[in-house]
Amino acid sequence: MPDKGPRLRDVAQRAGVSLGTASNVLSQKVAVAPETRERVLRAVEELGYRWKSHARPAHRPQASGPLAVIGAVGKISGTEFMTGNPFYSHILTGIERECRRQHISLMLAHIATDAYSRPVSLPPMLLDDQVDAFIIVGTFLENTIHMIGDRFDKPVALVEAYSPGNRFDSVLIDNEAGAARAVDHLVALGHRHIGLIGSTPDAYPSIRERRRGFQAALHAHGISAHYIIDSLLDREESYRATLELLHRSPRVSAIFACNDDVAMGVYRAAAELGRQIPRDLSVVGFDNIDLAAQCAPPLTTLHVDKQLLGTMAVRHLVDRAENPQRPTLTTSISTELVQRSSTAPPARARRQGGD
């Protein structure tokens, strides 16, 4: 039966590029401008176009393992697709590269999510019999993921995604240790009044882990004062929460932002209050997205190897397909502190040091 799904020309038309440019993006044989590549990949995701990571005949390809087609399912919040997200797009790059290395085809789809990354709809691709395995990215699926596994009996790997019971292989960031590393850095500089922005007690699991790591690190350093304003992982909310925090607790000399986008909200609030970073307020983010090195001043943050997250997910799926009875595995990716210009000793410490 002929394939009636979207074709490459449909992708090219949706992205507003030529057929050759769309082909070059997907084959990666010719360098294409980043903004053009993003438009093409977004069109792929929107249309649910099935494409191959390496040129192969139309029949089932000769992959290096038992998987021929992997479906990558990422979240969308509002109008932001995985391909355009400064964090998840790098995970997708890791998935792409590893699929190409192992001669596996890749399909993209999205899950619409709410502010807490819980799904509000599921993509039709989950019903596609041509897909051998799935990677679920950045979504708290709760019981939904169990329905997928029970009904289709296909390998599933989670990337910074969560479901109860640890039933599926997963690749996660060591969020608690990363947050503790941020606090350790600020304490070593002399800060004792450290705020937290960008979390709530019922936040997405990775953010709750960062919150726990923040609190545990303060406790380990013998610091009892916690300055926390609950807010969603959103730049505008973080801006308002930072204004509230600094009005309520002007002694706060440093803030740990639960991700780099949240840190941008902190920057805006500090500027509005006349607090210069880092002279009057030190800021540490999390994720090390591209913007972190480009803002003023460049942001100290926890680097996450985002491409490795995607790479390891593909490897988990291949190994699971080859060894279906093995125990469930979780790979934890550690973080690395990248020190830039947004952190410094607090003003009191500088004066005591003769600065």
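Being a predicted model, the structure only gives us computed values, none of them experimental. (Residues numbered from 1 in each chain as written. Predicted model: local features only at pLDDT ≥ 70, side-chain atom pairs only at ≥ 80, totals over all residues. Heavy atoms only, no water.)

**Regarding the overall build of the protein chain**
Each helix and strand counted, the protein chain has 11 helices and 13 strands in total. When burial is assessed residue by residue, the protein chain has 53% of its 355 residues classed as buried. If you take every contact in the protein chain between residues at least 6 apart in sequence, the share linking residues at least 24 apart comes to 69%. Of the roughly 15700 Å² that the protein chain leaves accessible, carbon and sulfur atoms contribute 48%. (Helix = DSSP H or I, 4+ residues; strand = E, 2+ residues; numbered from the N terminus. Buried < 20%, exposed > 50% of the residue type's maximum accessible area, 1.4 Å probe, protein only. Contact = heavy atoms within 4.5 Å. Areas by Shrake-Rupley, 256 points an atom, 1.4 Å probe, with all protein chains shown as cover.)

**A look at the confidence of the model for the protein chain**
Per-chain confidence: the protein chain averages 84 in pLDDT, with 79% of residues scoring 70 or above. Within the model, the stretch residues 53-62 combines pLDDT values under 50 with 20 contacts to residues more than four positions away or in other chains. (pLDDT = per-residue confidence, 0-100.)

**Let's talk about the side chain of glutamate 160**
You can see glutamate 160 is positioned in the loop between strand E5 (156-159) and strand E6 (169-173). Buried and unpaired, glutamate 160 has arginine 210 as its nearest opposite-charge partner, separated by 4.6 Å. Reaching out from glutamate 160, the side chain makes a polar contact with the backbone nitrogen of isoleucine 173 at a distance of 2.7 Å. When sequence neighbours within four positions are dropped, the list of residues in contact with glutamate 160 reads Gly138, Thr139, Val171, Leu172, Ile173, Asn175, Tyr204 and Ser206. (Lys, Arg positive; Asp, Glu negative; His and termini not counted. Salt bridge = Lys/Arg side-chain N within 4 Å of Asp/Glu carboxyl O. Polar contact = N/O pair within 3.5 Å; in protein donor to acceptor, adjacent residues only side chain to side chain.)

**A short note on the pattern of salt bridges**
On inspection of all chains with the given rule, the structure shows 13 salt bridges. Linking arginine 235 and aspartate 261 is a salt bridge whose minimum nitrogen-to-oxygen distance equals 2.6 Å. A residue pair is termed long-range when its members are at least 10 positions apart, and arginine 235 in helix H8 (residues 235-248) and aspartate 261 in helix H9 (residues 260-272) qualify at 26 residues. Look at the salt bridges and you will find they share partners, linking Asp169, Asp319, Arg320 and Arg326 into a network.

**Quick word on the nonpolar core**
By size, the foremost hydrophobic cluster in this structure holds 77 residues, and its most contacted members are Ile70, Ile95, Ile135 and Leu309. Element by element, the count of residues in this core is highest for helix H6 (residues 175-189), at six residues. Counting residues in hydrophobic clusters, the runner-up holds 21 residues, among them Ile229, Ala263, Ala270 and Leu299. (Core = buried A, V, L, I, M, F, W, Y, C linked by side-chain atoms within 4.5 Å.)

**Topic: helix H1 (residues 8-15)**
Considered for burial, the residues of H1 that qualify are Val11, Ala12 and Ala15. Each buried residue of H1 sits inside an arc of 100° when the element is viewed along its axis, so together they form one side. Exposed side of H1, more than 90 degrees from the buried face: Arg9 and Gln13 are the residues found there. (Arc of directions from axis to C-beta.)

**A short note on the pairing of strand E7 (residues 194-197)**
By the alternation rule, side chains of E7 split into Ile194 and Leu196 and Gly195 and Ile197, which are all buried. With four bridges connecting them, E7 and strand E9 (residues 254-257) associate as parallel partners. Considered in E9, the bridge of leucine 196 is made with phenylalanine 256. Sheet topology note: the E7/strand E8 (residues 227-229) ladder contains three bridges and is parallel. Among the inter-strand pairings, glycine 195 is bridged to a residue of E8, identified as tyrosine 227. (Pairing = 2+ DSSP bridges.)

**A few points about the packing of H8 against H9**
In contact at an axis separation of 7 Å, H8 and H9 are set at 45° when each is read in the N-to-C sense. Viewed along their axes, H8 and H9 adopt a mutual orientation that is oblique. Along this stretch, H8 crosses H9, giving a crossing that reads as right-handed. Across from Arg235, Glu236, Ser238, Tyr239, Thr242 and Leu243 in H8, the residues of H9 making contact are Asp261, Val262, Met264, Gly265, Val266, Arg268, Ala269 and Glu272. Split by residue class, the contact of H8 with H9 holds six nonpolar, three polar and five charged. (Axes fitted to C-alpha atoms, helices over the stretch in contact; angles between N-to-C directions. Parallel < 35°, antiparallel > 145°, perpendicular 65-115°, else oblique. Left-handed = near helix turned anticlockwise from the far one by under 90°. Nonpolar A, V, L, I, M, F, W, Y, C, P; charged D, E, K, R; others polar.)

**So, the sheet that holds strand E10 (residues 282-287)**
By definition, the strands of a sheet pair up through backbone hydrogen bonds, in either a parallel or an antiparallel sense. Spatially, E8-E7-E9-E10-E11-E13 is the arrangement adopted by the six strands of the open sheet, whose pairing is mixed. With one partner strand each, in any of the chains shown, E8 and strand E13 (336-338) form the two edges of the open sheet. Strand-to-strand twist of the sheet, defined as the mean angle between neighbouring strand axes without regard to direction, takes the value 20°. Those strands touched by H9 are E7, E9, E10 and strand E11 (300-303), and its axis lies near 155° from that of E10.

**Examining the packing of H6 against helix H7 (residues 205-220)**
Interaxial distance between H6 and H7 falls to 7 Å at its minimum, and their mutual angle equals 40°. With respect to H7, the axis of H6 lies oblique. Considering only the axes of H6 and H7, their crossing is right-handed. Seen from H6, the contacting residues are Asn175, Glu176, Ala179, Ala180, Val183 and Asp184; seen from H7, they are Ser206, Glu209, Arg210, Arg212, Gly213, Phe214, Ala217 and Leu218. Residue composition of the contact of H6 with H7, grouped by class: six nonpolar, three polar and five charged.

**Quick notes on the environment of glutamine 307**
With respect to the element layout, glutamine 307 can be found in helix H10 (residues 306-322). Relative accessible area serves as the criterion here: at 27%, glutamine 307 is assigned to the partly exposed category. In the structure, glutamine 307 is positioned 209 residues away from glutamate 98 in sequence and 9.6 Å away in space, judged by C-alpha atoms. When residues no more than four places from it in sequence are discounted, the contact partners of glutamine 307 are His90, Thr93, Gly94 and Arg97.

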